[in-house]
Amino acid sequence: MRLSARVDYALRAVTELASVTGTGAGRGRPVTADQIARAQEIPPKFLESILLQLRRGGIVQAQRGPEGGYWLARPAEEISLAEVIRVIDGPLAHIRGQRPEQLGYHGAARALQDVWIALRASERQILELVTVADVAQGTLPDQVTKLAADPRAWT
C-alpha cells in the first residue's frame, strides 16, 4: 500500500488537531496552520492546501482572524482514517486508476481481480476501524495492535 505525502500530512494534521483541541465533542481552541506545521514538521504552504481540502471534505472547520485557526468538524471518535484518505486521495484502492471491480482480467489472470477486491476490503476494514481519536490517544484497536506486533508485518 502506498500513501501519498498529502495523505500522510493530512492524517498527521488531523491527529494533531485532535490532540490539541480534544478528541471529544466540542471545539476547544482553534489551532493555527503554523502551529500544526511546526508540531508535525509539515511544509506550511503544502499544509494550507491540505487543510482547505479537509475543510471542503467536512473533516475540519476554520475561522479567520486573530482568534482563528482550525478544529475538527466532528468528534475525533467519529472520523476514521479511511474518511480522511478518501477526502484527500479518493477511493482506497485503484488499479491503474480504476476500481478493482471494473477491471477486465481474462484467462489465467482472472483471479487477480478477486485478489485486488480482497485487498481493498482488508485495507478498508483496518482504516475504517481506526479513528483519529485512536491515533491521537495512542490506543489502537486490539486487532490493529495484534497485526502490528506480528514480526512478519515489518518485512
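Our subject is the structure that appears above.
The model shown is predicted, which means the values in this text are computed figures rather than measured ones.

1. What to know about the overall build of the protein chain
From N to C terminus, the protein chain includes seven helices and two strands. Counting from the amino terminus, the protein chain carries its helices and strands in the arrangement α-α-α-β-β-α-α-α-α. Evaluated residue by residue, the protein chain yields a buried proportion of 36% over its 155 residues.

2. As for the side chain of Ser80
Checked against the element boundaries, Ser80 lands in the loop between β2 (69-72) and α4 (81-89). Taking the relative accessible area as the measure of exposure, Ser80 reaches 12% and is therefore buried. Excluding anything up to four places from it in sequence, Ser80 contacts Leu127, Glu128, Val130 and Thr131.

3. Quick notes on the environment of Arg6
Tracing the sequence through the fold places Arg6 in helix α1 (residues 5-21). The spatial distance from the C-alpha of Arg6 to the C-alpha of Leu47 is 8.4 Å, given a sequence separation of 41 residues. At 3.4 Å, the side chain of Arg6 forms a polar contact with the side chain of Ser49.

4. Brief notes about unusual backbone geometry
Not every positive phi belongs to a glycine, and Glu41 is a case in point at roughly 55°. Mapped onto the fold, Glu41 is located in the loop between α2 (33-40) and α3 (44-56). Classification of Glu41 by relative accessible area gives exposed; the value is 69%.

5. Observations concerning the pattern of salt bridges
For side chains of opposite charge, pairing can occur when their charged atoms come near one another. Under the definition given, this model contains five salt bridges. Between Glu128 and Arg86 there is a salt bridge, and its shortest N-O distance comes to 2.7 Å. Of this pair, Glu128 sits in helix α5 (residues 112-129) while Arg86 sits in helix α4, and the two are 42 residues apart along the sequence. Overlapping salt bridges bring together Arg86, Arg124 and Glu128 as one network.

6. Examining the packing of aromatic side chains
Summed over the entire model, instances satisfying the criterion amount to one aromatic pair. Look at Tyr9 and Phe46: their rings are 5.4 Å apart centre to centre, the planes differ by 85°, and that puts the pair in the edge-to-face class. Here the residue Tyr9 occupies a position in helix α1, and Phe46 occupies one in helix α3, the gap between them amounting to 37 residues. Its relative accessible area of 16% is what places Tyr9 among the buried residues.

7. Quick notes on α1
The end-to-end C-alpha distance of α1 is 24 Å, a good match for the 24 Å that 17 residues give at a rise of 1.5 Å each. Of all the residues in α1, the buried ones are Val7, Tyr9, Ala10, Leu11, Ala13, Val14, Thr15, Glu16, Leu17, Ala18 and Thr21. Contacts from the buried residues of α1 go to α2, α3, β1 (60-63), β2, α4 and α6 (132-137).

8. Some points on the packing of α5 against helix α7 (residues 142-149)
The interhelical angle for the contact between α5 and α7, taken along N-to-C directions, is 120°, at an axis separation of 9 Å. The angle between α5 and α7 places the two elements in the oblique class. Contacts from Gln125, Ile126 and Leu129 of α5 reach α7 at Gln143, Val144 and Leu147. Of the residues in the contact of α5 with α7, the class split is four nonpolar, two polar and no charged.

9. Considerations on the environment of Leu81
By secondary structure assignment, the location of Leu81 is in helix α4. Considering only alpha carbons, one finds Leu81 and Val135, 54 residues apart in sequence, at a separation of 9.2 Å.

Thresholds applied
- Residues numbered from 1 in each chain as written.
- Predicted model: local features only at pLDDT ≥ 70, side-chain atom pairs only at ≥ 80, totals over all residues.
- Heavy atoms only, no water.
- Helix = DSSP H or I, 4+ residues; strand = E, 2+ residues; numbered from the N terminus.
- Buried < 20%, exposed > 50% of the residue type's maximum accessible area, 1.4 Å probe, protein only.
- Contact = heavy atoms within 4.5 Å.
- Polar contact = N/O pair within 3.5 Å; in protein donor to acceptor, adjacent residues only side chain to side chain.
- Salt bridge = Lys/Arg side-chain N within 4 Å of Asp/Glu carboxyl O.
- Phe/Tyr/Trp six-rings, centres within 6.5 Å; stacked < 30°, edge-to-face > 60°.
- Expected span 1.5 Å × (residues − 1).
- Axes fitted to C-alpha atoms, helices over the stretch in contact; angles between N-to-C directions.
- Parallel < 35°, antiparallel > 145°, perpendicular 65-115°, else oblique.
- Nonpolar A, V, L, I, M, F, W, Y, C, P; charged D, E, K, R; others polar.

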